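Below are the chains, spelled out letter by letter.
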Amino acid sequence: MMKHLSGVIAALVVAVATQARADGPGVGCFERVYSDAHLAGQPAQIVKRMVLDIHQQEGGAKVAEMLVTTANQGYVAITGHGGQSFRQFLLCWSDGGRNICAVECDAGRMEVTRQDNTGLTFRTDTLWVGDADECGGAVNIIEKPGQSVSYRMNRVSQAICDRAF
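On a predicted model such as this, the values are computed, not experimentally measured, just so you know. (Residues numbered from 1 in each chain as written. Predicted model: local features only at pLDDT ≥ 70, side-chain atom pairs only at ≥ 80, totals over all residues. Heavy atoms only, no water.)

Asks: Please set out the overall build of the chain residue by residue, giving values where relevant.
Replies: The helix and strand inventory of the chain stands at 4 helices and 9 strands. Here the chain holds 165 residues, and the buried ones make up 39% of them. Within the chain, contacts between residues at least 6 apart in sequence are counted, and of these 54% link residues at least 24 apart. (Helix = DSSP H or I, 4+ residues; strand = E, 2+ residues; numbered from the N terminus. Buried < 20%, exposed > 50% of the residue type's maximum accessible area, 1.4 Å probe, protein only. Contact = heavy atoms within 4.5 Å.)

Asks: An account of the pattern of salt bridges is needed here, citing residue identities and associated values.
Replies: A complete count under the given rule lists 5 salt bridges for this structure. Its salt-bridge partner being Arg 123, residue Glu 111 comes within 3.2 Å of it at the nearest N-O pair. Here Glu 111 is found in strand E6 (residues 108–116), whereas its partner Arg 123 is found in strand E7 (residues 119–129), with 12 residues between them in sequence. Classification of Glu 111 as buried rests on a relative accessible area of 17%. The partly exposed category is assigned to Arg 123, whose relative accessible area is 35%. (Salt bridge = Lys/Arg side-chain N within 4 Å of Asp/Glu carboxyl O.)

Asks: Which residues make up the state of the cysteines, and what values do they have?
Replies: A complete count under the given rule lists 2 disulfides for this structure. The residue that forms a disulfide with Cys 92 is Cys 101, at a sulfur-sulfur distance of 2.1 Å. Judged by the torsion about the S-S bond (105 degrees), the Cys 92/Cys 101 disulfide is right-handed. Taken individually, Cys 92 and Cys 101 each receive the classification buried, so the pair is uniform in this respect. (Disulfide = S-S within 2.5 Å.)

Asks: How would you summarise the packing of aromatic side chains if you had to cite specific residues and measurements?
Replies: Tallied over the full model, the rule gives 1 aromatic pair. Consider the rings of Phe 122 and Tyr 151, whose centres lie 5.6 Å apart with planes at 40 degrees: the pair is tilted. With Phe 122 in strand E7 and Tyr 151 in strand E9 (residues 149–156), this pair connects stretches of sequence that are 29 residues apart. (Phe/Tyr/Trp six-rings, centres within 6.5 Å; stacked < 30°, edge-to-face > 60°.)

Asks: With reference to specific residues and values, describe the nonpolar core.
Replies: Judged by nonpolar contacts, the single largest core of 31 residues is most densely connected at Met 50, Leu 52, Met 66, Phe 122 and Ile 141. Mapped by element, the contributors of at least two residues to this core are strand E2 (47–56), strand E3 (62–70), strand E4 (85–95), E6, E7 and E9. Residues within four places of Leu 52 in sequence aside, it is in contact with Gly 28, Cys 29, Phe 30, Ala 64, Glu 65, Met 66, Met 110, Leu 120, Met 153 and Cys 161. (Core = buried A, V, L, I, M, F, W, Y, C linked by side-chain atoms within 4.5 Å.)

Asks: If you had to explain the pairing of E6 to someone new, which residues and values would you point to?
Replies: Direction of pairing for strand E5 (residues 98–102) relative to E6: antiparallel, over a ladder of 4 bridges. For Ala 102, the partnering residue across the bridge sits in E6 and is Arg 109. Joining the antiparallel neighbours E5 and E6 is a turn of 5 residues, in which Cys 105 adopts a positive phi near 75 degrees. Note: E6 against E7, 7 bridges, orientation antiparallel. Each residue of the ladder has a partner; that of Arg 109, found in E7, is Thr 126. The hairpin formed by E6 and E7 contains 2 residues between the paired strands. (Pairing = 2+ DSSP bridges.)

Asks: Describe unusual backbone geometry, and please don't skip the residues or the numbers.
Replies: Residues other than glycine seldom take positive phi values, yet Cys 105 does so here, at roughly 75 degrees. Position of Cys 105 relative to the elements: it lies in the loop between E5 and E6. The phi dihedral of Asp 106 falls on the positive side, at around 55 degrees, and the residue is not glycine. Within the secondary structure layout, Asp 106 lies in the loop between E5 and E6. Its relative accessible area of 76% is what places Asp 106 among the exposed residues.

Right, here's the structure in full:
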């Protein structure tokens with residue numbers, strides 16, 4: 001009887017935790033393209049264009065797909081990753097009132113700090129994008145190690161995300 005009760009309690013805890021984690025940021029398609037003038041004023045910035053598609057999967061999980069095109073400046077100019085495009089898949093949920101999307105395999109995460117009908121802003125201190133031989137990615141979208149960075153993105157037509165992914 002105790003063993004059965006423990007199993008029921010464990011199942012309830014998992015169900016409540018899953019429900020609490022399921023919310024995440026609101027769905028939508030977001031994009032930001034930085035002008036050459038903006039990039040010239042921000043020489044450490046590595047992102048030229050970013051597209052983010054947050055959507056609900058058929059099974060109920062909220063996920064995001066990200067496409068990052070790098071500028072040919074900052075550390076990616078040195079590593080040879082400037083002017084390239086990289087993709088990433090993220091799992092999204094809510095945690096203590098914060099909306100999080102994270103890369104599997106501990107390749108970083110982002111926290112959506114603002115979201116409304118015009119767009120969203122997210123902050124990250126590590127978020128790897130692109131394929132790599134090992135767990136992680138090819139490029140970390142931060143500008144400087146040890147410093148978080150925020151990106152403000154505009155809500156755009158779903159057609160832009162459909163073309164990107």
